[in-house]
Amino acid sequence: MPKHLNMNGFVAPSGPGSAGWRQDFRALRPDYAGGSIVNLMSSLVLGLGGDATGHEPLALLPPEEVRDYRQVALIVVDGLGDALLTHLAADSYLATSRRGTLTSVFPSTTAAAVTTFLTGLAPQQHGLTGWHMYFRELGAVLAVLPGRPRFGGVPLGQAGIAVDRFFGHRPVFERLPVPSQVLSPALIAHSDFNRGHCRPAAVTGYASMAEFFQGLVDSLSRPQGRRFVYGYWSELDHIAHVSGPFGTEALTHFRQWDACWADALAALARRGDTLLIVSADHGFVEATPARTVRLEEHAELQDCLVLPLCGEPRLAYAYVRPGRVRAFERYLGRYLADVLECQASETLIAQGWFGPGAPHPRLAERVGDYTLVMKENYVILDRLPTERPLALQGVHGGVSALEMTVPLVVASR
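Given the structure is predicted, the values throughout are model-derived calculations rather than measurements.

Draft legend 1. A look at the overall build of the protein chain. Within the protein chain, the regular secondary structure consists of 16 helices and 20 strands. By principal-axis analysis of the C-alpha atoms, the protein chain measures approximately 65 × 50 × 35 Å. Partitioning the contacts of the protein chain with sequence separation of at least 6, the portion at a separation of at least 24 is 74%. When the accessible area of the protein chain is evaluated, it comes to approximately 16100 Å², of which 51% is carbon and sulfur surface.

Written as structure tokens, this is what we have:
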């Protein structure tokens, strides 16, 4: 089970009165020993007869259980934190098949976690650690998932970069001895990121919730042979960012998705050979303007940095100018100690926050000199002149229990 750990006393529970439950801001370390999404992928790969990923199987879903089924589907609902199922939608159809809680990875964000789903590796090994990342080999900061330079420009593929060699990952689908199908939003189905991480699976784009579930049912209704289906649903995450993770719009969308899930299971009923798993990459905390730190208002701190902050608004990587380390630390201690925890990035790597085992050869370059871990539901923003001001209602990437815990839903048909 997940273990609650404090980073230097980082404990501050509170919550929105309208939600009727308390946000849990305790720091939660990923349970890479058998309780995280990394371990889920190990169980699925081993259960499907594939090559080991190097990580322990998931205690809640051993490989032996997966082996009993001819067809296996994993649906990743971006942003579906465990709190939504356990506190706000405990009466949902999805919740009736909830087996337990998993942890995400560190940081608890899509770029890191979806790469884990698609490679079976922890960020310690795959080396993708946030939305904005500095790639020394390119001499640039990229928005990783769209594969574009942060200041703007063409994606990696259009720049002539072979994305499979650039990322250097072995996709989980290459580990499997069975055919694979990927269901992805049409806008990103054949993106550079997907082309680098979905081979040799057959990738199908969808444009609506109805198309997604029809594609899922069709993929699992073929009469012969084992197969693995990976489905990715992104819209809940988008709504949570724009309108808030625990509000009416997000909950209404989830209820619609839940009803379609029930219909899909009914369509697959009495087959006896299909295992369906639903999980997520991360959860959410609510964001407020009062808890937003804007680096443009901290000129002395900005002057300490050689690059804009990378990573995420909830967990940022700082690249500090030589000779300005003491000034950087002194400023944080004097003005921002109440809102963030500053950790040496090399210490977090050594302590296994990004995962167990030997690190990716470029991991240290990609997490900067220091990692700024935001407390409670604070965020920190460092905006480029080309970027519009952010006014997010929901955020993720930090180490709170809300962001770090995701559900494990298991259903068989």
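Draft legend 2. Seen up close, the packing of aromatic side chains. For the structure on display, the rule yields 16 aromatic pairs. Taking 5.1 Å as the distance between ring centres and 40 degrees as the angle between the ring planes, the aromatic pair formed by Phe-328 and Tyr-370 counts as tilted. Of this pair, Phe-328 sits in helix H13 (residues 325–336) while Tyr-370 sits in strand S17 (residues 370–374), and the two are 42 residues apart along the sequence. Members of the aromatic cluster, connected to one another through ring pairs, are Tyr-206, Phe-212, Phe-213, Trp-233, Trp-257 and Trp-261.

Draft legend 3. Looking closely at the sheet that holds strand S3 (residues 71–77). With mixed pairing, 7 strands are arranged side by side in an open sheet as S4-S20-S11-S3-S10-S8-S9. Two strands in the sheet have a free side with no partner beyond their single neighbour: strand S4 (98–103) and strand S9 (202–206). The sheet shows a mean angle of 20 degrees between the axes of neighbouring strands, direction not considered. Two strands pair when backbone bridges link them, and strand S8 (residues 180–185) and S9 are joined in this way by 5 bridges, in the parallel orientation. Of the residues in S9, the one forming a bridge with Pro-185 is Tyr-206. In this fold helix H9 (residues 209–219) packs onto S3, S8, S9, strand S10 (227–233) and strand S11 (274–279), with an angle of close to 170 degrees to the strand it touches most, S10.

Draft legend 4. Structural context of the pattern of salt bridges. All chains considered together, the criterion is met by 16 salt bridges. Across the pair Arg-98 and Asp-82 runs a salt bridge whose closest N-O atoms are separated by 2.9 Å. Here Arg-98, found in strand S4, pairs with Asp-82, found in helix H3 (residues 82–88); they are 16 residues apart in sequence, far enough to count as distant. Accessibility expressed as a relative area gives 5% for Asp-82, which makes it buried.

Draft legend 5. Quick peek at the packing of helix H1 (residues 37–47) against helix H5 (residues 110–119). With their axes 9 Å apart at the nearest point, H1 and H5 run at an angle of 15 degrees to one another. The angle between H1 and H5 places the two elements in the roughly parallel class. Like other packed secondary-structure pairs, H1 and H5 cross with a definite hand, here right-handed. Across the interface between the two elements, Ile-37, Val-38, Leu-40 and Met-41 of H1 pack against Ala-113, Thr-116 and Phe-117 of H5.

Draft legend 6. Representation of the nonpolar core. Core analysis: the largest hydrophobic core is formed by 101 residues, its most contacted members being Leu-40, Leu-44, Leu-74, Phe-228, Tyr-230, Trp-257 and Trp-261. Apart from the residues within four sequence positions on either side, Tyr-230 is in contact with Leu-74, Val-76, Val-114, Phe-117, Leu-118, Phe-173, Gln-181, Val-182 and Leu-183. In terms of nonpolar packing, the next biggest core, distinct from the first, is built from 21 residues, Leu-295, Ala-316, Val-320 and Leu-336 among them.

Draft legend 7. Quick look at H1. With 10 of 11 residues buried, H1 lies mostly within the body of the structure. Of the positions making up H1, those classed as buried are Ile-37, Val-38, Asn-39, Leu-40, Met-41, Ser-42, Ser-43, Leu-44, Val-45 and Gly-47. Capping of H1 at its N-terminal end is provided by Ser-36; its side-chain oxygen lies 3.1 Å from the backbone amide nitrogen of Val-38. Remark: Gly-49 follows H1 within two positions and exhibits a positive phi of approximately 85 degrees.

Draft legend 8. Representation of H9. All buried positions along H9 are accounted for by Met-209, Phe-212, Phe-213, Gly-215, Leu-216, Val-217 and Ser-219. Against the buried residues of H9 lie S3, S8, S9, S10, helix H11 (248–267) and S11.

Draft legend 9. Just empty space enclosed by the protein, in detail. For the coordinates displayed, the defined rule picks out 1 cavity of 30 Å³ or more. In this model, the largest cavity occupies a volume close to 80 Å³. Taken together, 13 residues form the lining of the largest cavity, with Gly-79, Gly-81, Pro-245, Phe-246 and Phe-284 sitting closest to its centre. Considering every element that reaches the lining of the largest cavity, the biggest residue donor is H3, with 3 residues. Per-class residue counts for the lining of the largest cavity are 9 nonpolar, 3 polar and 1 charged.

Draft legend 10. Spotlight on the environment of Pro-171. Examined against the element boundaries, Pro-171 turns out to sit in the loop between helix H7 (163–167) and S8. Pro-171 gets classed as buried once you look at its relative accessible area, which sits at 0%. Ignoring anything within four residues of it in the chain, the contact list for Pro-171 reads Leu-118, Gly-196, His-197, Cys-198 and Arg-199.

Thresholds applied
Residues numbered from 1 in each chain as written. Predicted model: local features only at pLDDT ≥ 70, side-chain atom pairs only at ≥ 80, totals over all residues. Heavy atoms only, no water. Helix = DSSP H or I, 4+ residues; strand = E, 2+ residues; numbered from the N terminus. Contact = heavy atoms within 4.5 Å. Areas by Shrake-Rupley, 256 points an atom, 1.4 Å probe, with all protein chains shown as cover. Phe/Tyr/Trp six-rings, centres within 6.5 Å; stacked < 30°, edge-to-face > 60°. Pairing = 2+ DSSP bridges. Axes fitted to C-alpha atoms, helices over the stretch in contact; angles between N-to-C directions. Salt bridge = Lys/Arg side-chain N within 4 Å of Asp/Glu carboxyl O. Buried < 20%, exposed > 50% of the residue type's maximum accessible area, 1.4 Å probe, protein only. Parallel < 35°, antiparallel > 145°, perpendicular 65-115°, else oblique. Left-handed = near helix turned anticlockwise from the far one by under 90°. Core = buried A, V, L, I, M, F, W, Y, C linked by side-chain atoms within 4.5 Å. Polar contact = N/O pair within 3.5 Å; in protein donor to acceptor, adjacent residues only side chain to side chain. 1 Å grid on protein atoms, 1.4 Å probe; cavity = no way out; pocket = protein on both sides within 12 Å on 5 of 7 lines; lining within 4 Å. Points joined across faces, edges and corners; volume = space filled by probe spheres on them. Nonpolar A, V, L, I, M, F, W, Y, C, P; charged D, E, K, R; others polar.

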